[in-house]
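Analysis of the macromolecular model
What follows is each chain in one-letter form.
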Amino acid sequence: METLTFDLNKKGGKFKILNATNGGPWHKRHTNDQYRSNFDSYKAARIPYSRNHDSGVVGIYGGPFSHDITRIFPNFDADAEDPASYDFACTDESILCTLEAGTKTFFRLGQTIEHQIKKHGIIPPPDFKKWAVICEHIIRHYNEGWAEGYHLDIEYWEIWNEPDLDPDDSANKRTWAGTKAEFFNLYEIAAKHLKNCFPHLKIGGPALAGDEEWAADFLAEMRKRDVPIDFFSWHVYGSTPDKMIKKAERIKALLIKNGYKNAESILNEWNYVKGWTDEFVYTIQMIHGMKGAAFTMACISEAQKCTGIDMLMYYDTRPSAFCGVFDFYTWRPLKGYYPFQWYGMFYDMIAEISCESSIDDIYTLCGVDKNDKVLCVLTHYSDNDAAGAKSVKVDFGRKGKYEIYFLDEKHDAEPVAITDKLELTMVNNSCVMIKEV
């Protein structure tokens, strides 16, 4: 039996925002027809931010009449200064419903990915400055009450999504139909205009799909043009937490190299992916089960320790194949819901406690509250489905009584014992929460 040791006298920093998501609650305020809702469960997870990218493909959020710039401002030839040129209703509803769940919107200014044969919204706008002015008025609607709007204090405004997904010579672009050079121009014009209008807000992007050479070129060019970047957003999918952490370190190094050391590094799309082709069906099966839940908890645990990650936003909690949090049909919590709910409890902790020892494939998260009571989550995760169980002893350096909760194939984050003896046997792909009483 191996031991995990925590020194409760060595208090670290606070817990970061790591249970944010793409997608809000599945809930309609304006109708009770065929009523289902995950509103209460979503709210209970204390999700601080919901990124609204890809939300427009889901009817629950307003369908194709919401979020994208081409939906909010459907006629590009219209007057950008005229409130009548804008259609805010469905986007309003989605943002307000999400806010009622205690979750702020992380607003993606751009377009939903387009997999269809003919592209529409991802085609570069004909006038980049006018596009920036349209975005300005969207911000004014939600933050300054413009056009019968609101005062929601939405802080994060992200310019576009995954412009690097397909190379310039691709015949089937899905996110940005222009060239890399054209995107650099769009970003420069939009970022400078929006930051000039709203110096107190966080303007960033570009939600990098994964091309780190593209990212290096982008950051170097933005630095050369003196473009402000409050946050750099990026994506990664994989089957080990280590892939996420190593990429975060490389992204942070790029930011520092190009003079953006103070920019937040926000990983705002991530999930378990074994493969995108032959292994894709297996991937989806795992996302929806206990393996996906353990992967999620392991990644969150490692991200808390990683200086290259300031925020995580899981992709996703909208009704989709990538949602391992809620069942597509019943809207009830899946195994993958509980890591988000458990992490929400760490916002009540005043300090992180680092583990002073390590065990292969065991991931730890630990904190203390204002009364010095311990909250700790252990995760046994391995991408090797044949990995065996681990016997673990937990040493907090003092005696106490602890509630033990199991999240595994047989338990849905249920209390199983109150004990003063912290010796556990954990099967692969399982989580344990230890809460001092």
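Residues numbered from 1 in each chain as written. Predicted model: local features only at pLDDT ≥ 70, side-chain atom pairs only at ≥ 80, totals over all residues. Heavy atoms only, no water.

Right, let's get into the overall build of the protein chain. Scanning the protein chain for helices and strands turns up 10 helices and 17 strands. The dimensions of the protein chain, computed from C-alpha atoms along their principal axes, are 70 × 55 × 45 Å. Relative to its 437 residues, the protein chain shows a buried fraction of 58%. Taking the intrachain contacts of the protein chain between residues at least 6 apart in sequence as the baseline, contacts between residues at least 24 apart amount to 75%. In the form shown here, the protein chain has an accessible surface area of approximately 18,200 Å², with 48% of it arising from carbon and sulfur atoms. Charge separation in the protein chain, taken as the distance between the mean sites of 50 positive and 64 negative side-chain charges, equals 4 Å. (Helix = DSSP H or I, 4+ residues; strand = E, 2+ residues; numbered from the N terminus. Buried < 20%, exposed > 50% of the residue type's maximum accessible area, 1.4 Å probe, protein only. Contact = heavy atoms within 4.5 Å. Areas by Shrake-Rupley, 256 points an atom, 1.4 Å probe, with all protein chains shown as cover. Lys, Arg positive; Asp, Glu negative; His and termini not counted. Charge placed at Lys NZ, Arg CZ, Asp CG, Glu CD.)

Let us look at the UniProt feature "domain: Glycosyl hydrolases family 39 N-terminal catalytic" (unreviewed entry) in the protein chain. Look at the UniProt record and you will see "domain: Glycosyl hydrolases family 39 N-terminal catalytic" (unreviewed entry) annotated at residues 77-240. Here residues 77-240 is 36% helix and 15% strand, with 47 Å between the C-alpha atoms at its ends. (UniProt positions renumbered as here; feature names shortened; annotations may be inferred.)

Right, let's talk about the packing of helix 9 (residues 290-305) against helix 10 (residues 337-345) for a bit. Contact geometry for helix 9 and helix 10: axes closest at 8 Å, N-to-C directions at 30°. Classified by the interaxial angle, the pair formed by helix 9 and helix 10 is roughly parallel. On helix 10, the residues that touch Ala-293, Thr-296, Met-297, Ile-300 and Gln-304 of helix 9 are Pro-339, Phe-340 and Tyr-343. (Axes fitted to C-alpha atoms, helices over the stretch in contact; angles between N-to-C directions. Parallel < 35°, antiparallel > 145°, perpendicular 65-115°, else oblique.)

This part is about the sheet that holds strand 11 (residues 362-368). Overall, antiparallel pairing links the six strands, which are arranged 10-11-12-17-14-15 in an open sheet. Strand pairing shows two members of the sheet lacking a second neighbour, strand 10 (351-352) and strand 15 (412-419), which therefore form its edges. (Pairing = 2+ DSSP bridges.)

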